[in-house]
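# Commentary on secondary and tertiary structure
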Amino acid sequence: MASLPMPAWSEQAPRLALPARAPQPEVAPAALTALEWSIVAMAEKDSITSLREPSRLISALGSLFGVRRPNRLANDRLESLRRLAVYAWHYDWNVPESELREFLAAGFSPDQYQLLQTSIHKARTNRAVQNRRFAR
């Protein structure tokens, strides 16, 4: 089967114009403020039980024996960050979906969630490597 010859491109031949693309807004890289990073660092020391509301019996026993529980943060946005960071420190990537939804509803982005998880994972990995070096 024969094909038709291709026309030769010359300087006089009209050039194909590419469709104009709408300018894409530049997306700032995900970041957390210094205050938010300090909340993440403090969350490492918090236990999972700090995320639960104490029962009346536990509250009574705590006040009787002087056991103090960590307070919730006054800022709901920072409290959602703390809760997510506690789960991330203790369970790595296994964060409950409800906590993730609350984190995103508080105004954080999925990129900030990824940044938080990646940073915590790197910190945990670096500590594990250092502990293995010192164990020898």
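Below is a summary of the structure that appears in this document. (Residues numbered from 1 in each chain as written. Predicted model: local features only at pLDDT ≥ 70, side-chain atom pairs only at ≥ 80, totals over all residues. Heavy atoms only, no water.)

Let us look at the environment of glycine 107. On the secondary structure map, glycine 107 appears in the loop between helix H4 (97–105) and helix H5 (110–135). Spatially, the C-alpha atom of glycine 107 lies 7.4 Å from that of arginine 77, the residues being 30 residues apart in sequence. If we skip the residues at most four places from it in the chain, glycine 107 touches Arg77 and Gln112. (Helix = DSSP H or I, 4+ residues; strand = E, 2+ residues; numbered from the N terminus. Contact = heavy atoms within 4.5 Å.)

Counted according to the given criterion, the structure contains 3 aromatic pairs. With 4.4 Å between their ring centres and 5 degrees between their planes, phenylalanine 103 and phenylalanine 108 make a pair best called stacked. In terms of burial, phenylalanine 103 and phenylalanine 108 fall into one category: buried. An aromatic cluster of three or more residues is present, and its members are Phe103, Phe108 and Tyr113. Sitting above the plane of the phenylalanine 108 ring, arginine 77 keeps its charged end 3.9 Å from the centroid. (Phe/Tyr/Trp six-rings, centres within 6.5 Å; stacked < 30°, edge-to-face > 60°. Buried < 20%, exposed > 50% of the residue type's maximum accessible area, 1.4 Å probe, protein only. Lys NZ or Arg CZ within 6 Å of the ring centre and 35° of its normal.)

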